[in-house]
Protein chains: 2
Amino acid sequence: MEFLNKFILGDCEKVLEGLPDESVDLIFTSPPYADQRKSIYGGIKPDKYVEWFLPKAKQFKRVLKPGGSFILNIKERVVNGERHTYVIDLILKMRQQGWLWTEEYVWHKKNSYPGKWPNRFRDNWERLIQFNKQKKFKMFQETVMVPVGDWAKNRLANLSETDKIRDESKVGSGFGKNVSNWKNRKMVYPTNVLHMATECANRKHSAVFPVTLPAWFIKLFTEQGDVVLDPFVGSGTTAVAAIELGRNYIGIDINAEYIEISRKRTSQIQIRLPNVAESQTEFETILN
Amino acid sequence: MEFLNKFILGDCEKVLEGLPDESVDLIFTSPPYADQRKSIYGGIKPDKYVEWFLPKAKQFKRVLKPGGSFILNIKERVVNGERHTYVIDLILKMRQQGWLWTEEYVWHKKNSYPGKWPNRFRDNWERLIQFNKQKKFKMFQETVMVPVGDWAKNRLANLSETDKIRDESKVGSGFGKNVSNWKNRKMVYPTNVLHMATECANRKHSAVFPVTLPAWFIKLFTEQGDVVLDPFVGSGTTAVAAIELGRNYIGIDINAEYIEISRKRTSQIQIRLPNVAESQTEFETILN
DNA sequence: TTCAAGTATGAATCCCTTT
DNA sequence: CAAAGGGATTCATACTTGA
């Protein structure tokens, strides 16, 4: 496939026309929010947002595999003192398009932009809306398990004498190993609330979300060698996550500068990372 | 006003007809979610939810003062593998009714219901949707300021892996019992993400949300002596918060057993609390 | 009295069986 | 064939118990 592991300059609606049906396992994207980033994207008016987005969503649906997922990172702007309705309008319209509104994850941003307003507090969360084409879809819940809650810490902090003895007698090795084994076993499934700090790096290209955010969903909804699409790839964060996890990426953006940044950024990563060699062989196998 | 500081048995839609226009400063409520709590409320079908709720919302709008706020605690159920749209439908319809959709707070529940499903994780958050009648409304931001603790410096500086994923423990709403410990700390404004556990104790009456939740909004949107209405008062949690903060309450519920529980619960509080005396004089002043 | 360990229980959801 | 019902799954919290 000629699109694989490339950044393509252009309007994703047009570009995707060249992509075959059902060729993508996961779409993860953070489109320009209405009227935001005017200088770069031209600024879509909130009232026009849904009609601007819908034809693109139609293409997304076409290129997504039946068991694939679409994760949309979005948040409604405040317009005239009110939250604008373009996000919920979009959900309703996309359902009419045939999408299933499977779930809504919340990204709790721990460090939000500072500021003070008379009628609201700082906005500290964003939506991560999951759409699917069918009720059954690929999901690998074990890949995102998290260590168990506080009681595990307590347990580790005060290991009782009997615990120590038991461990010694059983295995004979240092109890550190046992503890780690036990720790590994004690993983629990996460919830639909994600806790991640925003990345306050690079002022040039506003890093919209941290690499850990697409990485979490890529692990959850794809396997090694799968294809991850970001039709508004911006500075390439989704692609970075995909590469690091041994997935193929397709990055599209209408802005040439962003495409350039993404290319530079990912090339650096491919050099830097130790596991690139093995990842690349995987890529080559798939590409051939 | 004959309704003040009472629990009234009946359908709030009918009961409120007896309340004058613009007589309430804050409406805080958690209505029965669609198809939930069948045994108590009869269970409203998800598809009928909006049409069931709208005439009640109309009464709410009538009795609310121009500068008052309406906080609606709600969450969409999963129906046939999909999030149902009754919540976002309701937002759109209420806007047609003349409400402004000012803001949506997120309540991050620290202890969610356990369970495992092939297509989703545990639901760990609920919506707290703020509606207003006009752009300008009463808001006292200083009353809910949060102390900046060591967590701000240390935790945010070097986030551990678990920290990134798991919830922080102390950020919260700042309404904890040991706030006095933080007196010397610097205070900052909170965000629109609230951190509270559900109340899993108290076997007699299952309080769905903790007292701290209505308390937070009561402090934020009302002053001493103001009137707080909960049209689905359940076990009286909103009223408890109102009493503790020296506000007047109006509690309505269609279920006689709940009304009884609420009456008992609040009478106990009035006896127990040390600051009741002063609160009551205030009430009397207002009542006369 | 304090602290650690044990235990009960929630605004749940899926899936399969029964009516 | 739609609607209703029951079993299995699972974890943070706070109350209870015991040393």
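Residues numbered from 1 in each chain as written. Chains lettered and ligands numbered in written order. Predicted model: local features only at pLDDT ≥ 70, side-chain atom pairs only at ≥ 80, totals over all residues. Heavy atoms only, no water.

Participant: Residue-level account of the overall build of chain A, with values.
Facilitator: Counting its secondary structure elements, chain A contains 11 helices and 12 strands. Each of the 288 residues in chain A was classed as buried or not, and the buried ones make up 53%. Counted over contacts in chain A with a minimum sequence separation of 6, partners at least 24 positions apart contribute 74%. Here chain A displays about 13100 Å² of accessible surface, and carbon together with sulfur accounts for 52% of that area. (Helix = DSSP H or I, 4+ residues; strand = E, 2+ residues; numbered from the N terminus. Buried < 20%, exposed > 50% of the residue type's maximum accessible area, 1.4 Å probe, protein only. Contact = heavy atoms within 4.5 Å. Areas by Shrake-Rupley, 256 points an atom, 1.4 Å probe, with all protein chains shown as cover.)

Participant: Account for the side chain of S30 of chain A, with residues named and values stated.
Facilitator: Residues and elements named next belong to chain A. Within the secondary structure layout, S30 lies in the loop between β2 (24-29) and α2 (38-41). For S30, a relative accessible area of 5% translates into the label buried. Within the structure, the side chain of S30 is placed 2.9 Å from the side chain of N73, a separation counted as a polar contact. (Polar contact = N/O pair within 3.5 Å; in protein donor to acceptor, adjacent residues only side chain to side chain.)

Participant: Describe the sheet that holds strand β7 (residues 125-132) of chain A, naming the residues involved and giving the relevant values.
Facilitator: Residue and element names in this part refer to chain A. Within the open sheet, the 8 strands sit side by side as β1-β12-β11-β2-β3-β7-β6-β10. Their pairing is mixed. Two strands lie at the open edges of the sheet, namely β1 (6-9) and β10 (193-196), each paired on one side alone. Between one strand and the next, the sheet's axes are offset by a mean angle of 20°, whatever the strand orientation. Pairing geometry for β1 and strand β12 (residues 248-253), over 4 bridges, is parallel. Among the inter-strand pairings, I8 is bridged to a residue of β12, identified as I252. Those strands touched by helix α9 (residues 237-244) are β1, β2, β11 (227-230) and β12, and its axis lies near 170° from that of β12. (Pairing = 2+ DSSP bridges. Axes fitted to C-alpha atoms, helices over the stretch in contact; angles between N-to-C directions.)

Participant: How would you summarise the packing of helix α3 (residues 49-63) of chain A against helix α4 (residues 86-96) of chain A if you had to cite specific residues and measurements?
Facilitator: Residue and element names in this part refer to chain A. Where α3 meets α4, the closest approach of the two axes is 10 Å, and the angle between their N-to-C directions is 35°. Like other packed secondary-structure pairs, α3 and α4 cross with a definite hand, here right-handed. Contact residues: α3 offers Y49, V50, F53, L54 and A57, while α4 offers Y86, D89, L90, K93 and M94. A class-by-class count of the residues in the contact of α3 with α4 yields 8 nonpolar, no polar and 2 charged. (Left-handed = near helix turned anticlockwise from the far one by under 90°. Nonpolar A, V, L, I, M, F, W, Y, C, P; charged D, E, K, R; others polar.)

Participant: Kindly report on the sheet that holds strand β7 (residues 125-132) of chain B, identifying the contributing residues and their values.
Facilitator: Residue and element names in this part refer to chain B. Read across the open sheet, the 8 strands follow the order β1-β12-β11-β2-β3-β7-β6-β10; overall the sheet is mixed. Lying at the two open borders of the sheet, with one neighbouring strand each, are β1 (6-9) and β10 (193-196). For this sheet, the mean angle separating the axes of adjacent strands, direction not counted, is 20°. Each of β2 (24-29), β3 (64-74) and β11 (227-230) touches helix α3 (residues 49-63); the most contacted strand, β3, lies at about 150° to it.

Participant: Explain the protein's contact with DNA strand C to me, and be specific about the residues and the numbers.
Facilitator: Residues and elements named next belong to chain B. Taken together, 19 residues lie around DNA strand C, and S30, P31, Y113, W117 and R120 are the ones closest in. Those atoms of DNA strand C that come within 4 Å of the protein belong to sugar or phosphate at a rate of 39%. Here a base nitrogen of DNA strand C and a side-chain polar atom of S30 are 2.7 Å apart. Here W117 contributes a side-chain N or O atom positioned 2.4 Å from a base oxygen of DNA strand C. Of the residues that constitute the surface near DNA strand C, the class distribution is 9 nonpolar, 5 polar and 5 charged. (Near = heavy atom within 4 Å.)

Participant: Can you tell me about helix α8 (residues 212-221) of chain A, naming the residues and giving the values?
Facilitator: Given 3.6 residues to a turn, an α-helix orients residues that are three or four positions apart in the same direction. Of all the 10 residues making up α8 of chain A, 8 are buried; the element is thus mostly covered by neighbouring parts of the structure. Along α8 of chain A, the residues that are buried comprise L213, P214, A215, W216, F217, I218, L220 and F221 of chain A.

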